Amino acid sequence: MKTAIITGVTGQDGSYLSDLLIDKGYKVIGTYRRTVSDFENKCQNITHLLDDGNFILEEADVTDSSSLYRLISEYQPDEYYNLAAQSHVGTSFKTPVSTTEINMMGCLYALEAIRLQKPSCKFYQASTSEMFGDNTQCPQGLDTHFSPVSPYACAKLAAHHMVSTYRKSYGIYACSGILFNHESPRRGENFVTRKITKAAARIKLGLQDELRLGNLSAQRDWGHAADYVKGMWMMLQHEVADDYVLATGKTNSVQEFLEYVFDYAGLDIKDHVVIDPKFYRPCEVPKLWGDPSKMMKTLGWVPEYDFEELAMEMYEQDLKKQYFKLNKTIDSNV
Ligand code: NAP
Ligand code: F7E
């Protein structure tokens, strides 16, 4: 039985990756960070795993190197997926230092712990298309010049280079997956796709009237998280460690995502959506459109979901969740 450590297991990707690895017979050590917010809410993406005998939840902060040393020494993992991050680009402009500590140093501490305690452990780094920044040369691939424009992207780029340094200099099996945007019903509610699907569901049920958004012209290559975690796992099963791009190879604007969801829900954008400069960023990444050809040719990765299926699933799940909450409130009032 293989053992994998997944940091950031309560997040979107951590939860899907845990599902996949447990299904494949792994023992999964998922790490979460204690905060004052209630445990139940924090663990909503992994509630279904908490009683699984092959899933162990451990407390760790990736900026606390000793917690990573402890985990690696105790569990001697075969694979380590570094997914923990301050992952919100907009927030990184307000918290550049802590974002860098988590997104850059968190990666370095893990690499060091592996090098010193279990050098045969395979390492996956969650790199990001944000590293291409304002370079709009399309489609973006492994040869595209990086041009980060946010503290989030700068920290991720430093970590990205650190991963290839550990691979070349210390012989660690370390891969970076440069992942383009991927979403799902488990996506955090302050990312634009989920903000839209949740608001559309609430408007439909009469629980909300207005949706305030920022820049609608930004274009993103949006895939489904379930497809992307499969790609992460595939990268670590190859004979040699390497870097890859995971993307769908198609791009859509935020406006198009909004139109699709509102049309599907039978809502009129003009009646509900307000543009609020509060959601503009000091610097924007205008267009992301990835080239996943290496991933497809070398590893045989093929995404199962398309843009419309993704948007539909997110809206339907939000509608269900909001309907359930509404009925619970009605029940408790009768
Ligand atoms: P997510 O939902 O925001 O999850 C991030 C996780 O990291 C959360 O569980 C968070 O826990 C945890 N975390 C934050 N700071 C931590 C710390 N100091 N110590 C330990 N855990 C910490 O992100 P995601 O969408 O699953 O993305 C997974 C990874 O892929 C991230 O590294 C992200 O930057 C990267 N990425 C994502 C995308 C995408 O489109 N989703 C694309 C490219 C790359 P808390 O609840 O405690 O904050
Ligand atoms: O923004 C625009 C916003 O926050 C997408 C992270 O997973 O993917 C994600 O980063 C676009 C941007 O994701 C709102 O300005 C308009 O142009 O959903 P987002 P992101 O910044 O692309 C990359 C690959 C990662 O690595 C990150 O971890 O939508 N936008 N109005 C808005 N964005 C938000 N959040 N909220 C709005 O109201």
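Residues numbered from 1 in each chain as written. Chains lettered and ligands numbered in written order. Predicted model: local features only at pLDDT ≥ 70, side-chain atom pairs only at ≥ 80, totals over all residues. Heavy atoms only, no water.

A few points about the overall build of the chain
Secondary structure assignment for the chain yields 12 helices and 13 strands. C-alpha atoms of the chain, sized along the principal axes, occupy 60 × 50 × 40 Å. Scored against the burial criterion, the 334 residues of the chain give a buried share of 51%. Long-range contacts, defined here as pairs at least 24 residues apart, represent 80% of the contacts in the chain between residues at least 6 apart. Carbon and sulfur atoms form 50% of the exposed surface of the chain, whose accessible area is close to 14,800 Å². When the 35 positive and 44 negative side-chain charges of the chain are each reduced to one mean point, those points stand 2 Å apart. (Helix = DSSP H or I, 4+ residues; strand = E, 2+ residues; numbered from the N terminus. Buried < 20%, exposed > 50% of the residue type's maximum accessible area, 1.4 Å probe, protein only. Contact = heavy atoms within 4.5 Å. Areas by Shrake-Rupley, 256 points an atom, 1.4 Å probe, with all protein chains shown as cover. Lys, Arg positive; Asp, Glu negative; His and termini not counted. Charge placed at Lys NZ, Arg CZ, Asp CG, Glu CD.)

Here we look at the sheet that holds strand β1 (residues 3–7)
What the 7 strands build is an open sheet, ordered β3-β2-β1-β4-β5-β6-β11; its pairing is parallel. With one partner strand each, in any of the chains shown, β3 (55–59) and β11 (244–246) form the two edges of the open sheet. In this sheet, neighbouring strand axes are inclined to one another by 20° on average, regardless of whether the strands run parallel or antiparallel. Direction of pairing for β1 relative to strand β2 (residues 27–32): parallel, over a ladder of 5 bridges. Paired with T7 across the two strands is T31, which belongs to β2. Sitting on the sheet, helix α1 (residues 12–23) is in contact with β1, β2, β3 and β4 (79–82), with an inclination near 170° to β1. (Pairing = 2+ DSSP bridges. Axes fitted to C-alpha atoms, helices over the stretch in contact; angles between N-to-C directions.)

With respect to the site of ligand 1
As a matter of local geometry, ligand 1 sits amid 25 residues, with T10, R33, K42, S87 and Y152 nearest to it. R33 is positioned with one of its side-chain polar atoms (N or O) 2.8 Å from an oxygen atom of ligand 1. At a separation of 2.9 Å, an oxygen atom of ligand 1 approaches a polar backbone atom of H182. At the level of secondary structure, the elements contributing two or more residues to the shell around ligand 1 comprise α1, β5 (122–128) and α6 (151–170). Looking at the shell around ligand 1, the element that brings in the most residues is β5, giving 3 residues. For the shell around ligand 1, the per-class residue count stands at 10 nonpolar, 9 polar and 6 charged. (Near = heavy atom within 4 Å. Polar contact = N/O pair within 3.5 Å; in protein donor to acceptor, adjacent residues only side chain to side chain. Nonpolar A, V, L, I, M, F, W, Y, C, P; charged D, E, K, R; others polar.)

Quick notes on the pairing of strand β6 (residues 174–179)
The buried count for β6 comes to 6 of 6 residues, which makes it a mostly enclosed element. Burial along β6 is two-sided: A174, S176 and I178 facing one way and C175, G177 and L179 facing the other are all buried. In this sheet, β6 lies alongside β5 in parallel orientation, the contact comprising 6 bridges. Pairing of S127 across the sheet is with I178, part of β6. Traced from β5 through α6 to β6, the parallel crossover comes out right-handed. In terms of strand pairing, β6 meets β11 through 3 bridges, oriented parallel. Opposite G177, over in β11, you have Y244 as the bridge partner. (Right-handed = clockwise from strand over helix to strand, strands pointing away.)

Some details on the site of ligand 2
Residues in contact with ligand 2 amount to 23 residues; listed here are only the nearest, S87, T128, Y152, R281 and E284. A distance of 2.5 Å separates an oxygen atom of ligand 2 from a polar side-chain atom of R281. Across the complex, the protein chains shield 95% of the 700 Å² of accessible surface that ligand 2 would expose by itself. Residue classes in the shell around ligand 2 are distributed as 9 nonpolar, 8 polar and 6 charged. For the shell around ligand 2, the two domains that each supply at least three residues are domain 1 (3–183 + 224–246) and domain 2 (192–219 + 250–285 + 306–333). (Domains from an automatic or database assignment.)

Looking at α6
A rise of 1.5 Å per residue sets the reference length of α6, with its 20 residues, at 28 Å; its end C-alpha atoms lie 28 Å apart and thus fit the reference within 8%. Buried within α6 we find P151, Y152, A153, A155, K156, L157, A159, H160, V163, S164, Y166 and R167. For α6, the secondary structure elements touched by its buried residues are α4 (89–92), α5 (96–117), β5 and β6. A positive backbone phi angle near 70° is found at G171, which sits one or two residues after α6. (Expected span 1.5 Å × (residues − 1).)

Quick notes on the domain arrangement of the chain
Domain annotation for the chain reports domain 1 (3–183 + 224–246) and domain 2 (192–219 + 250–285 + 306–333). The straight-line distance from the C-alpha centre of domain 1 to that of domain 2 is 28 Å. Of the roughly 850 Å² buried where domain 1 meets domain 2, counting both sides, 66% is carbon and sulfur surface. Three residues stand out in domain 1 for area buried against domain 2, namely F93, E183 and H224, and they jointly supply 52% of the buried area on that side. Where domain 1 packs against domain 2, one counts 0 salt bridges. Connecting domain 1 to domain 2 are 2 residue pairs in polar contact (both at pLDDT 80 or more). Taken together, the residues of the side of domain 1 that touches domain 2 sort by class into 3 nonpolar, 4 polar and 2 charged. (Buried area = accessible area lost by both parts, 1.4 Å probe. Salt bridge = Lys/Arg side-chain N within 4 Å of Asp/Glu carboxyl O.)

Let's talk about the environment of R70
As for its placement among the helices and strands, R70 is situated in helix α3 (residues 65–75). For the pair R70 and A113, spaced 43 residues apart in sequence, the C-alpha to C-alpha distance is 8.9 Å. Those residues in contact with R70 that sit more than four places away from it in its chain are E58 and E59.

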